[in-house]
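What the coordinates show
What follows is each chain in one-letter form.
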Amino acid sequence: MMSHPIYNFCAGPSVMPPEVIAQAAQSLKHYHDGLGIIEISHRSPEFMQIIAESKADLTQLLNIPEGYQIIFMQGGATGQFSAIPMNLLGEAKGADYIQTGVWSEKAVEEAALYCDVNVAANTKGNRYTTVPHQASWQLRDDAAYLHYTPNETIHGVEFTWVPKVDVPLVADMSSNILSQPINVSDYALIYAGVQKNIGPAGLAVVIVREDIIKPSRHPIPTIWNYRKMIAEDSCCNTPAVFSWYVSSLMFKWVLAQGGLKAMAKRNKTKADLLYAAIDATDFYHNPVEAHSRSRMNIPFTLADPKLDAEFLKKAQAQGLYNLAGHRSVGGMRASLYNAMPIEGAQALVDFMKEFERAYG
Ligand SMILES: Cc1ncc(COP(=O)(O)O)c(C=O)c1O
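Here's a quick rundown of the structure. (Residues numbered from 1 in each chain as written. Predicted model: local features only at pLDDT ≥ 70, side-chain atom pairs only at ≥ 80, totals over all residues. Heavy atoms only, no water.)

1. Thoughts on the overall build of the protein
Summing up its helical and strand segments, the protein has nine helices and 14 strands in all. On C-alpha atoms alone, the protein measures out to a radius of gyration of 21 Å, which is about the 21 Å that the 2.2 N^0.38 rule sets for 360 residues. For the protein, the spread of C-alpha atoms along the principal axes amounts to about 60 × 60 × 30 Å. Sorting the 360 residues of the protein into buried and exposed places 55% on the buried side. Of the charged side chains in the protein, 30 are positive and 35 negative; the average position of the first set lies 2 Å away from that of the second. (Helix = DSSP H or I, 4+ residues; strand = E, 2+ residues; numbered from the N terminus. Rg over C-alpha atoms; globule rule 2.2 N^0.38 Å. Buried < 20%, exposed > 50% of the residue type's maximum accessible area, 1.4 Å probe, protein only. Lys, Arg positive; Asp, Glu negative; His and termini not counted. Charge placed at Lys NZ, Arg CZ, Asp CG, Glu CD.)

2. Examining the site of the ligand
If you check the shell around the ligand, you find Gly76, Ala77, Thr78, Phe81, Trp103, Thr149, Asn151, Thr153, Asp172, Ser174, Gln195 and Lys196 and nothing else. Contact between the ligand and Trp103: an oxygen atom at 3.3 Å from a side-chain N or O atom of the residue. In isolation the ligand has 400 Å² of accessible area, and contact with the protein removes 85% of it. The greatest single-element share of the shell around the ligand, amounting to four residues, is contributed by helix H3 (residues 76-88). Here the shell around the ligand is composed, by residue class, of three nonpolar, seven polar and two charged. (Near = heavy atom within 4 Å. Polar contact = N/O pair within 3.5 Å; in protein donor to acceptor, adjacent residues only side chain to side chain. Areas by Shrake-Rupley, 256 points an atom, 1.4 Å probe, with all protein chains shown as cover. Nonpolar A, V, L, I, M, F, W, Y, C, P; charged D, E, K, R; others polar.)

3. Focus: the sheet that holds strand E12 (residues 297-302)
As summarised here, the arrangement of the three strands in space is E11-E12-E14, forming an open sheet in which the pairing is antiparallel. Each edge of the sheet is formed by a strand with only one pairing partner; in this case those strands are strand E11 (284-285) and strand E14 (332-335). As judged from the two bridges shared by E11 and E12, these two strands associate in the antiparallel manner. Of the residues in E12, the one forming a bridge with His285 is Thr301. (Pairing = 2+ DSSP bridges.)

4. Quick word on the pairing of strand E3 (residues 94-99)
Residues in a regular strand point their side chains to alternate faces of the sheet. Counting buried positions over the six residues of E3 gives six, a clear majority of the element. Of the two faces of E3, both are covered, the one formed by Gly94, Asp96 and Ile98 as well as the one formed by Ala95, Tyr97 and Gln99. Of the strand pairs in this sheet, E3 and strand E4 (residues 116-122) are connected by six bridges, and their pairing is parallel. Counterpart to Asp96 in the pairing with E4 is Asn118. Crossover E3 to E4 through helix H4 (residues 102-111) is right-handed. (Right-handed = clockwise from strand over helix to strand, strands pointing away.)

If you want it as structure tokens, here you go:
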């Protein structure tokens, strides 16, 4: 039996609040009339209520204005890499993309299957360690939309500002949705795979301003068709009911914590703790330019990479799980999503200091 609490720093699927897990476990056994949540129809009044409440709670959390629709779709965020060009291109030939990490790179590759993609800025040359100034972007005149990734989960690069463009702004918020208040009307479309800050994998949340959905020159499969999904309240087919249910619990949890302002405060405290520990020594290093550092995903390296395995082993023994960096970049990465308590970030910082004392 481990004597330490477990803190899970996984980038996704990731830590969930214990209260949400307990409620979900209970509902698996019994949700209504002796049946578990995964045993009832998605057309039942009980699931209809989950749908209605999840939309109402998300609307309240993000203060979503009139004119926007919320869609819950399967296929994660990667499904949206295709759904976005399918639904937004209309008669346009192409779109602008800002490439600041592996996820926006994948979004570019997928969109290129459907249209002429203009990569208006690309920071691959500096190993994805910065956010490019908007003045340097090479935007095209006839773009249907501009796509960017406000937080790059692998490289730990986050925009602290919202681009101002004349075309609909599309944001992949998979790894920073609900982490701080935003002004939804700055965006035409926000999407996120839920498995980081919201719930179990299997769903994407799409918040879309309805007027930007364009009639397509090509047929759109029903499950990727925003208009059909909106008309059927995201139930053109059987939705990912468990994932959706747990997401609805998570929305209520965030509201109960004080909403996005409270999340932002906690997230800043956690990130500040960890960056201060990294910056205080040459033993650890974060490569990201100071003004582009992510509050959610913090990659760092050890001065001697030969110590990586030992660091991970000792961390795990102290209940600090899933700190290995993404396989494409190596080193370490700590993901500090909403459900990570401040105590978790503190425990990591304490361990890092202890490890440095022993091996530095
Ligand atoms: C920013 C970002 N976009 C897209 C994805 C892909 O999400 P999914 O696995 O749900 O397709 C991820 C996954 O980690 C991500 O972090």
